[in-house]
Amino acid sequence: MADNEVTFAHNAVVYGYDNRDVLAAVAAQRLVTLIMESQNDVRNLNKPFHLLLTGGTDSIRMFQMLASNPLLPAINWNLVHIWWADERFVTYDSEDRNARKTRKALLDLLTSHKALSESHIHEMPADERSAKGIAAASDAENDAILDDAARDYEEEIIGLLGKEPVFDLAILGMGPDSHMASLFPELPQVNNRERIVVGVNHSPKLPPMRLSLTVPVLAHSRRTWFLTAGAEKGAALMNSLSGANNPEYPASFANGTDEICWFTTAETLQAAIQ
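One structure accompanies this document, and this report is about it. Here, residues in each chain are numbered from 1, in the same order as that chain's written sequence. Per-residue local features of the predicted model are confined to residues with pLDDT of at least 70, and side-chain atom pairs are confined, for both listing and counting, to 80 or more; whole-chain, interface and lining totals are unaffected and use all residues. As a rule here, side-chain values cover all heavy atoms of the structure and leave hydrogens and water aside.

Here's the deal with the overall build of the chain
Then step 1. Runs of E in the DSSP output that reach at least two residues are strands. Runs of H or I that reach at least four are helices, and both are numbered from the N terminus. Along the chain, the regular secondary structure elements total eight helices and nine strands.
Then step 2. In terms of overall dimensions, the chain is globule-like: its C-alpha atoms have a radius of gyration of 18 Å, near the 19 Å expected for 274 residues.
Then step 3. Within the chain, buried positions represent 52% of all 274 residues.
Then step 4. The long-range share in the chain, meaning contacts at least 24 apart out of those at least 6 apart in sequence, stands at 78%.
Then step 5. The method behind every accessible area is Shrake-Rupley, applied with a 1.4 Å probe, and residues are considered shielded solely by the protein chains displayed. As displayed, the chain offers around 12500 Å² of accessible surface, 51% of which is attributable to carbon and sulfur atoms.
Then step 6. Mean positive and mean negative side-chain charge positions of the chain (23 and 36 charges, respectively) differ by 4 Å. The atom set for the radius of gyration is the C-alpha atoms, and the globule formula is 2.2 Å times the number of residues raised to the power 0.38. Accessibility here uses a 1.4 Å probe with only protein chains present; expressed as a share of the type maximum, an area under 20% marks a residue as buried, one over 50% as exposed, and anything in between as partly exposed. Residues count as neighbours in contact if any of their non-hydrogen atoms are within 4.5 Å of one another. Only four residue types enter the tally: Lys and Arg on the positive side, Asp and Glu on the negative side; His and the chain ends are excluded. Lys charges are placed at NZ, Arg charges at CZ, Asp charges at CG and Glu charges at CD.

This is how it looks when you write it as structure tokens:
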């Protein structure tokens, strides 16, 4: 190996950009180009494109930029299915919901122009209880409700993608503790290999109740892109890239059968090597 050759876990490719806006703009352009190329490949005519999303500042900024991209109308959005890798288990109208933020940034624009069918937006279930009911619930009751919601979303995924689902592209984020989706290093869900979707109670990051896809799914997308900016994520970035499949760093499990890329910023990389 040459002295200047760098290898990362899962053969990931890492791109560093000047700032968050450049990162988001590049990711938006790559996303629209990827979907167009897939749809214009004669081998994929009328084939659905399954896009898996998460929350996070960088992802939302990407969708805001995508909303004004001149190539947006060139995509056949009615062949695109939108899914979420995780969701905060709150009410449908809560500002905490990842899906609500993505709708405001892009999806509402597409549905209002009838470019994207509402039936192709696959939101994770929400907490339909009243505030009083949530406050009065026991841990056991919350666990049961989360499990029911996780199984509902699991059934929806299986219905379209089968028992071993493969998404065409997963766009993920990572926290300073290296969590991805809502798989946290302190909690047992990162070790679950039996389920597609799990409930998460007592998340170390508020809100405390969440739903999340599991490692077997997040490790087998065709393409996986991480949007990860901020000096506070530098150490997590280096730890996740230094070795694969380490439960102390959940993001280290993510992979892509065709591609895994990390889009980050100069300050994140600088913090990573300090």
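Let us keep going from here.
Details of the pairing of strand β5 (residues 169-172)
Then step 1. Here β5 shows no split at all, with Leu 169 and Ile 171 on one side and Ala 170 and Leu 172 on the other all buried.
Then step 2. As paired strands, strand β2 (residues 49-53) and β5 are joined by two bridges and run parallel to one another. The residue bridging Leu 51 from the neighbouring strand is Leu 169, located in β5.
Then step 3. A pair of strands is treated as paired once DSSP finds two or more bridges between them. Bridge analysis of β5 against strand β8 (residues 221-228) gives four bridges, and the strand direction is parallel. Looking at β8, one finds that Ala 170 is bridged to Thr 224.

Points about the pattern of salt bridges
Then step 1. A pair is scored as a salt bridge if a Lys or Arg side-chain nitrogen falls within 4 Å of a carboxyl oxygen belonging to Asp or Glu. Under the defined criterion, the tally for this structure stands at 16 salt bridges.
Then step 2. As a salt-bridge pair, Arg 43 and Asp 41 come within 2.6 Å of each other at their nearest N and O atoms.
Then step 3. By relative accessible area, which is 71% here, Arg 43 ends up exposed.

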